[in-house]
Amino acid sequence: MLSKRSIKRESKVFALDLAIRMMDLTTLEGADTPGKVAALSSKGIRPDPTDPGIPSVAAICVYPNLVPYALQRTRGTGVNVASVATAFPSGQSPLEVKLEETRWVVEAGAQEVDMVIDRGAFLSGNYAKVYDEIVRVKELCAGKAATNATLPVALCMLEVIRDVHEETGRVVGMKVAGGIRQSKQAVQFLVQVHETLGLAWLTPDRYRIGASTLLNDVLMQIRKERTGRYQNPDYFTID
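Residues numbered from 1 in each chain as written. Predicted model: local features only at pLDDT ≥ 70, side-chain atom pairs only at ≥ 80, totals over all residues. Heavy atoms only, no water.

*Asks:* Explain the nonpolar core to me, please; I cannot follow it from the model alone.
*Replies:* When a protein is soluble and globular, its nonpolar side chains tend to lie buried together. Val176 and Tyr207 are the most contacted members of the largest nonpolar core, which has 54 residues in total. Top contributing element to this core by residue count: helix α8 (residues 183-197), with seven residues. Filtering out sequence-adjacent residues up to four positions away, Tyr207 remains in contact with Met22, Leu158, Met174, Val176, Phe189, Leu190, Val193 and Trp201. (Core = buried A, V, L, I, M, F, W, Y, C linked by side-chain atoms within 4.5 Å. Buried < 20%, exposed > 50% of the residue type's maximum accessible area, 1.4 Å probe, protein only. Helix = DSSP H or I, 4+ residues; strand = E, 2+ residues; numbered from the N terminus. Contact = heavy atoms within 4.5 Å.)

*Asks:* Honestly, the pattern of salt bridges in this entry has me stumped. Any pointers?
*Replies:* Side-chain pairing between opposite charges can occur once the charged atoms of the two side chains come close. By the definition in use, this model includes 15 salt bridges. Residue Arg21 pairs with Asp17 through a salt bridge whose shortest N-O separation is 3.1 Å. In this pair, Arg21 and Asp17 are both assigned in helix α1 (residues 9-21), four residues apart and thus about one turn of the helix distant. The residue Lys175 makes a salt bridge to Asp24 at a minimum N-O spacing of 3.0 Å. Residue Lys175 is located in strand β6 (residues 174-177), and its partner Asp24 is located in strand β1 (residues 23-26); the two are separated by 151 residues in the primary sequence. The burial state of Lys175 is the same as that of Asp24; both residues are buried. (Salt bridge = Lys/Arg side-chain N within 4 Å of Asp/Glu carboxyl O.)

*Asks:* What's the story with α8 in this structure? I'm lost.
*Replies:* Every α-helix carries 3.6 residues per turn, so stepping three or four residues along brings you back to the same face. Here α8 is 15 residues long and its end C-alpha atoms lie 21 Å apart, about the 21 Å a rise of 1.5 Å per residue gives. Counting buried positions along α8 yields eleven of 15 residues, so the element is predominantly enclosed. Restricting attention to buried positions, one finds in α8 the residues Ser183, Ala186, Val187, Gln188, Phe189, Leu190, Val191, Gln192, Val193, Thr196 and Leu197. Where α8 is buried, its residues touch α1, α7 (151-168), β6, β7 (207-211) and α9 (214-227). (Expected span 1.5 Å × (residues − 1).)

*Asks:* Got a minute to help me understand the pairing of β7 in this structure?
*Replies:* Walk down a regular strand and you will see the side chains alternate between the two sheet faces. Most of β7 is tucked away, with five of its five residues classed as buried. As defined by bridge partners, β1 adjoins β7 across three bridges and the pair is classed as parallel. Within β7, the position partnered with Leu25 by the bridge is Ala211. Relative to β7, β6 runs parallel, the two sharing four bridges. Following the sheet pairing, Val176 is matched in β7 by Ile209. Since β6 and β7 lie parallel, the crossover through α8 that links them has a hand, and here it is right-handed. (Pairing = 2+ DSSP bridges. Right-handed = clockwise from strand over helix to strand, strands pointing away.)

The following block contains the structure:
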């Protein structure tokens, strides 16, 4: 039902703008270079150089060794730098290796850390090991939990966050990542957050969308809503 819902033009423009402000612009390729990270950071700061009304993204997300280059380009802009850690993407490394990587990215200056759990342990039912690793990593940094970006899974997570908040008053943030490529999808996730947790969670401090190719589609949709016509995709930079 959610995927078929339509929203009014004013609400759509607001949602698209919010999607950018909540976005972690990401590059996690084996061929990433300092130059690519610098260019991506510049784009995150000014997604559309011709339109100063377009907001900056929430953060740039990169591999640990590229954190210094992202920090150099984003310094003084309000755009955070996030780094994956704990043996991304598999999580299949000894705990001490994961903790050392986390210490390194924190000391390097990353404001946010995205950890990956040991999925093998989780799928084997060894939940205590997974929990203990999360606790140890959180001792080194305060982070958000990431999940596969599907609406059903996200809804389950949001409902748990809601229940925890109602029972304890504790505020827990969430980041969805992986597979969100179109603005329509981003809007669906934001509507889901609003209907489950309310307006208080529609802020980059509590909710993030991790994506590598979403930004251009959102920019195209904003331009279409403002001008009545789509911009050629070649108008926007690839990275």
